[in-house]
Protein chains: 2
Amino acid sequence: MGTYHQYCATARTLDLIGERWTLLIIRELLTGPRRFGDFQQSLRGLGTGLLAARLKHLEQEGLVHKVTLPAPARTPAYALTEAGEELAPAVLALARWGMKWALGERRDGELFHPGWAVLGLRACFNAEAAEGVRATYEFRVDGEVFHARVSDGAIDTVHGPAQYPDAVIETDSDTFLKVSAGKVQLADQIHEGAVTATGDPATIARLQSLFRLPTPRSRIPQ
Amino acid sequence: MGTYHQYCATARTLDLIGERWTLLIIRELLTGPRRFGDFQQSLRGLGTGLLAARLKHLEQEGLVHKVTLPAPARTPAYALTEAGEELAPAVLALARWGMKWALGERRDGELFHPGWAVLGLRACFNAEAAEGVRATYEFRVDGEVFHARVSDGAIDTVHGPAQYPDAVIETDSDTFLKVSAGKVQLADQIHEGAVTATGDPATIARLQSLFRLPTPRSRIPQ
DNA sequence: CGGCATCCATTTTGATACTG
DNA sequence: CAGTATCAAAATGGATGCCG
């Protein structure tokens, strides 16, 4: 359909990343490099042809570049460039809005990946509350592993295990969602056995205080 | 095309406002209510049918509501609801990214409206630099009138004239763009007669210091 | 002028089969 | 697995024309 033909920063941005699926591809990459198949697993409904086209476009436009992961995986992967990485504030702003005005309850047939909630944590990160805090949390949710590095007012959330985690949080998707949404307290879930937490107790106890969750609201009058 | 069927704040947001033109409709409304015809003038390429459909969708979803403007205009208009208004941080984040990574020079055939640059100012507003500042600026650019109310670290940019402007800046699109982009100094343009500024001299002199423009970068390697 | 309905050429998409 | 090829269904864009 082409561009909007407007000399406007917003319109030009949407010319680049406004097409269907594009911003979700970038969301995936915000927690680290992904292979072709990873996208297919996270983005149900996105066909291989369109995925290949989107990746090629993002590569041409300098938002994504191909990388070869170390270790066992010999298959190519995709990662964000500096320009792509800097879309994070925009994506997180959309996520914050969604948490407040659009998320609500999980609907029938909706896919869920723990990585999305981890990105949600980043969106809710409270820099002031994290002042002076330096800790690495590893999350293991239904087999998916993520970690968050909190370092004096900044947070980074990445796919994969941490090298030296100060605390490891292990649970299932359901419980992780309920804790992330603030519906239940982490400490209670640990006590009930729904969450296994190992590592420094003070670090674990501080975890929930690092985030300020938005209060969900209804968009529809009354 | 339907939703993404993902339980994720970003995906849910895109379900609502991710379709073509939708975010640009919201961008227009971020500087005040608009009538049907206003959109048609700003959003070239968007047909009446699609525009009507988008507006109806946004209304149903509680992001936009119909209003009847006072005074002479008896025709209906559209305005953002609270939920719609709160999309501003996301739109401004996209705009900031675009200013740095996507805007560059104006291309052939690209439309431009002064209101977009005014919104750009809001995106570049430097709250720290504006601490303690309280002033209303009115901009008249090629017949379009906007005003910005700066009030102690916050800014609001609205379509239409200001009631009690402390300063009035009048110029043409070209000059306004060059000043907004930081390519030329406001004071110089006033001196050269390309800009007419009336009102409190100190307020006028402070104007450019209230914004921190991003340095444009190239996305494509070297 | 606002706003909807209709028709049609062109793109985009979704889904699947297929190749290296 | 990564990525291409193919095809049916849907969305877009543009040009109307119509009604209040």
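Please refer to the structure higher up on the page.
Okay, so let's go over this structure. Nothing here was measured: the structure is a model prediction, and the numbers come from that model.

### Things to note about the protein's contact with DNA strand D
Move 1: The immediate surroundings of DNA strand D are formed by 16 residues, with Gly37(A), Thr48(A), Arg20(B), Trp21(B) and Arg54(B) found nearest.
Move 2: A share of 83% of the atoms of DNA strand D within 4 Å of the protein falls on sugar and phosphate groups.
Move 3: Between DNA strand D and Gly37(A) there is a distance of 2.5 Å, counted from a phosphate oxygen to a backbone nitrogen or oxygen.
Move 4: At 2.6 Å from a phosphate oxygen of DNA strand D is found a side-chain nitrogen or oxygen belonging to Arg20(B).
Move 5: Broken down by secondary-structure element, the contributors of at least two residues to the surface near DNA strand D are α3 (36-42) and α4 (48-60) of chain A together with α4 (48-60) of chain B.
Move 6: Counting residues per element, the surface near DNA strand D draws most heavily on α4(A), which supplies four residues.
Move 7: In terms of residue class, the surface near DNA strand D is built from seven nonpolar, four polar and five charged.

### Remarks on the packing of aromatic side chains
Move 1: Considering all chains together, one arrives at 14 aromatic pairs over all chains under this definition.
Move 2: Of note, Arg20(A) hangs over the ring of Tyr4(B), and the distance from its end group to the ring centre comes to 4.4 Å.

### Notes on the relation of the copies chain B and chain A
Move 1: Take chain B, turn it by 180 degrees, move it 0.0 Å along the axis, and it overlays chain A with an RMSD of 0.0 Å. What the superposition gives is, in effect, a two-fold axis relating one chain to the other. When each C-alpha of chain B is compared by its distance to the rotation axis, Ala90(B) comes out closest, at 2.7 Å.

### Let's talk about the sheet that holds strand β7 (residues 196-199) of chain A
Residue and element names in this part refer to chain A.
Move 1: The strand order β5-β4-β3-β6-β7 describes an open sheet built from five strands, whose pairing is mixed. Since the sheet does not close on itself, it has two edges, and those belong to β5 (155-159) and β7, each with one partner. With direction set aside, neighbouring strand axes in the sheet form an average angle of 15 degrees.
Move 2: By the bridge criterion, eight bridges tie strand β3 (residues 134-141) to strand β4 (residues 144-151) in an arrangement that is antiparallel. Bridge assignment links Tyr137 to a residue of β4, and that residue is Ala148.

### Describing the protein's contact with DNA strand C
Move 1: Taken together, 18 residues lie around DNA strand C, and Met1(A), Arg20(A), Arg54(A), Met1(B) and Ala52(B) are the ones closest in.
Move 2: Near the protein, within 4 Å, the atoms of DNA strand C are sugar or phosphate in 86% of cases.
Move 3: With respect to DNA strand C, the side chain of Tyr78(B) contributes an N or O atom lying 3.1 Å from a phosphate oxygen.
Move 4: Secondary structure elements with two or more residues in the surface near DNA strand C: α4 of chain A together with α3 (36-42), α4 and β2 (76-80) of chain B.
Move 5: When the residues that make up the surface near DNA strand C are grouped by side-chain class, the tally is eight nonpolar, five polar and five charged.

### Concerning the interface of chain B and chain A
Move 1: Chain B puts 58 residues into the contact, and the matching count from chain A is 59 residues.
Move 2: Counting the surface lost from both chain B and chain A, the interface buries some 5300 Å², and carbon and sulfur atoms represent 61% of this.
Move 3: Summed over the three residues of chain B that lose the most area to chain A, namely Tyr7(B), Arg12(B) and Trp97(B), the buried surface amounts to 17% of that side.
Move 4: Glu61(A) is the salt-bridge partner of Arg219(B), the closest N and O atoms lying 2.5 Å from each other.
Move 5: Where chain B touches chain A, the interface holds 36 residue pairs in polar contact (both at pLDDT 80 or more).
Move 6: Only α1 (9-17), α2 (22-29), α5 (82-85) and α6 (88-101) of chain B provide two or more residues apiece to the side of chain B that touches chain A.
Move 7: Here the residues of the side of chain B that touches chain A sort into 32 nonpolar, 13 polar and 13 charged.

### A few points about the packing of helix α1 (residues 9-17) of chain A against α6(B)
Move 1: Put simply, α1(A) and α6(B) touch, their axes get as near as 7 Å, and they point 85 degrees apart. Classified by the interaxial angle, the pair formed by α1(A) and α6(B) is roughly perpendicular. Facing α1(A), whose interface residues are Ala9(A), Thr10(A), Thr13(A), Leu16(A) and Ile17(A), α6(B) presents Val91(B), Leu94(B), Ala95(B), Trp97(B), Gly98(B) and Met99(B).
Move 2: For the contact of α1(A) with α6(B), the per-class residue count stands at eight nonpolar, three polar and no charged.

### Digging into the pairing of strand β6 (residues 167-171) of chain A
Residue and element names in this part refer to chain A.
Move 1: For β6, the tally of buried residues reaches four of five residues, placing the bulk of the element in the interior.
Move 2: Sheet topology note: the β3/β6 ladder contains five bridges and is parallel. Within β6, the position partnered with Tyr137 by the bridge is Ala167.
Move 3: With four bridges connecting them, β6 and β7 associate as antiparallel partners. Each residue of the ladder has a partner; that of Ile169, found in β7, is Ala197.

The rules behind the values
Residues numbered from 1 in each chain as written. Chains lettered and ligands numbered in written order. Predicted model: local features only at pLDDT ≥ 70, side-chain atom pairs only at ≥ 80, totals over all residues. Heavy atoms only, no water. Near = heavy atom within 4 Å. Polar contact = N/O pair within 3.5 Å; in protein donor to acceptor, adjacent residues only side chain to side chain. Helix = DSSP H or I, 4+ residues; strand = E, 2+ residues; numbered from the N terminus. Nonpolar A, V, L, I, M, F, W, Y, C, P; charged D, E, K, R; others polar. Phe/Tyr/Trp six-rings, centres within 6.5 Å; stacked < 30°, edge-to-face > 60°. Lys NZ or Arg CZ within 6 Å of the ring centre and 35° of its normal. Least-squares fit on C-alpha atoms with pLDDT ≥ 70 in both. Pairing = 2+ DSSP bridges. Axes fitted to C-alpha atoms, helices over the stretch in contact; angles between N-to-C directions. Contact = heavy atoms within 4.5 Å. Buried area = accessible area lost by both parts, 1.4 Å probe. Salt bridge = Lys/Arg side-chain N within 4 Å of Asp/Glu carboxyl O. Parallel < 35°, antiparallel > 145°, perpendicular 65-115°, else oblique. Buried < 20%, exposed > 50% of the residue type's maximum accessible area, 1.4 Å probe, protein only.

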